Amino acid sequence: MKEIVEAKFKEIFGTEGRYKTYFAPGMVNLMGDNTEHNGGYTLSYTVKRGTYATVREREDRIINFYSANVEELGILSFSIDNLVLVYDPDEKWINYPKSIILTLKNEGFNIDHGFDIVYYTDIPKGIGLSLVASIEVLTANIMNDIYSLDIDNGKIASICKKAEKEYMERNGRITDQFIIANNKKNYAILLNTATLEYQYIRANLENKKIVIINTKSRKEAEEAKYNVRRIEIDTALEELQRENPNITSLVELTDEEFEENKEAIKDEITRKRAKFVVYENQRTLKAAQALKENNSELFGTLMQESQNSLKYDYEVIDTDIDKLVEITLKQKGTLATRKINARLSNTVISIVDENMVEKFISNVEKEYIGTTGNSIRFYIEEIKEKLNV
């Protein structure tokens, strides 16, 4: 991939001068989806797929963008001096790196000269591997390097989050950017999303492969349902606090404490939403410990409990995904399968014995297509580290 982006850079901007190539991976949550709103824990890792960029600094104040993935847009240029961002759908992806540069500028960092840059990513759009966060963190890392800004990884993640909120009107989570910025080879990250304290967890899944399966069916309606669930969870907390003012958040409760207090939540659906958050947070902590202890069986059990709770307590319903989960679990060598990124609801992650992966893919694809008539894509992943080539 490095060779692809560097060859494209030379083709577009010429061979003169010194250039440098950078990389930022995509990421995926193993456990802890949909608890961040409550300050819960997530257990995440970065994948081998990611976004590359080759950069050459300029002496003037012009920035020239080019994407090898969206070549029909050509070179998109602007001056540092008149940089503003009103979201432009015609510019598509460039809005994200522009928002990072503008945020850094407005934070008082000295962006004093331009550059030429070519981006290239092998993260497919819309499959839940955090393509946008990969582009954002990559851009922030490049700015940090070429302008000698001395920004730590936590600050890089917060700048990316701020850029999304203020300029892209995306009030999403910080998990994706934080995990990508702080990733480490062969380690997952257990992140407290309330405090941003984290610990590296050695990814002891011996003789297992992570298989990501995408149904290609983006579910835009899930965004509205997700917002409704957030309101339901807030309502549950408010009702718990009326009975017990000492409860400050759902994620501080253990499973047992929730069961003792759950009758304070009057509506059954609201109670189920709260149960999901409490139990998922505890499952995430237990899963991190299982990973530390190389207890793949327990990890798989917790991951499958997470999927079941996502379906029955959080009620993320998708007949295609449910069928896919059912099919994968019938395959020999499958440890667990869980939906990722419930907002989009189009991708699952399976943990499979490495010597069964080829047969797993063949069997799942055949039965899924035969049952639904829809095609699917498979991506075999491994936990990787951020590269700064």
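Residues numbered from 1 in each chain as written. Predicted model: local features only at pLDDT ≥ 70, side-chain atom pairs only at ≥ 80, totals over all residues. Heavy atoms only, no water.

Participant: How would you explain the pairing of strand S5 (residues 115-121) if you had to name every residue and give the values?
Facilitator: With seven of seven residues buried, S5 lies mostly within the body of the structure. Burial of the side chains of S5 extends over both faces: Phe-115, Ile-117, Tyr-119 and Thr-121 are buried on one face and Asp-116, Val-118 and Tyr-120 on the other. Where strand S2 (residues 41-57) lies against S5, seven bridges are found, and the strand directions are antiparallel. Across the sheet, residue Glu-57 finds its bridge partner in S5, namely Phe-115. One ladder, built from five bridges, connects strand S3 (residues 62-67) with S5; its direction is parallel. Bridge pairing in S5 places Tyr-66 opposite Val-118. (Buried < 20%, exposed > 50% of the residue type's maximum accessible area, 1.4 Å probe, protein only. Helix = DSSP H or I, 4+ residues; strand = E, 2+ residues; numbered from the N terminus. Pairing = 2+ DSSP bridges.)

Participant: Could you give me a rundown of the pairing of S3, with the residues and numbers involved?
Facilitator: For S3, a buried count of five out of six residues is recorded, marking the element as mostly surrounded by other parts of the structure. Two strands pair when backbone bridges link them, and S3 and strand S4 (residues 76-79) are joined in this way by four bridges, in the antiparallel orientation. Of the residues in S4, the one forming a bridge with Asn-64 is Ser-77.

Participant: Go over helix H10 (residues 319-329), please, and point to the residues and values.
Facilitator: Of the positions making up H10, those classed as buried are Asp-320, Ile-321, Asp-322, Leu-324, Val-325, Ile-327 and Thr-328. For H10, the side-chain oxygen to backbone nitrogen distance between the N-cap and Asp-320 is 2.9 Å, and the N-cap itself is Asp-318. (Polar contact = N/O pair within 3.5 Å; in protein donor to acceptor, adjacent residues only side chain to side chain.)

Participant: Now, about the sheet that holds strand S10 (residues 347-353): what can you tell me, with residues and values included?
Facilitator: Overall, antiparallel pairing links the four strands, which are arranged S9-S10-S8-S11 in an open sheet. A strand with exactly one partner marks an edge of an open sheet, and here the two such strands are strand S9 (334-340) and strand S11 (377-381). Neighbour-to-neighbour, the strand axes of the sheet open up by a mean angle of 25°, direction not taken into account. Where strand S8 (residues 208-214) meets S11, five bridges bridge the pair, whose relative direction is antiparallel. From the neighbouring strand, Ile-212 faces S11, where its bridge partner is Tyr-379. Against the sheet, helix H9 (residues 296-312) makes contact with S8, S9 and S10, and its axis sits at roughly 35° relative to S9, the strand it touches most. Taken strand by strand, helix H11 (residues 357-372) contacts S8, S9, S10 and S11, and its axis lies near 160° from that of S11. (Axes fitted to C-alpha atoms, helices over the stretch in contact; angles between N-to-C directions. Contact = heavy atoms within 4.5 Å.)

Just distances and angles here, no functional claims.
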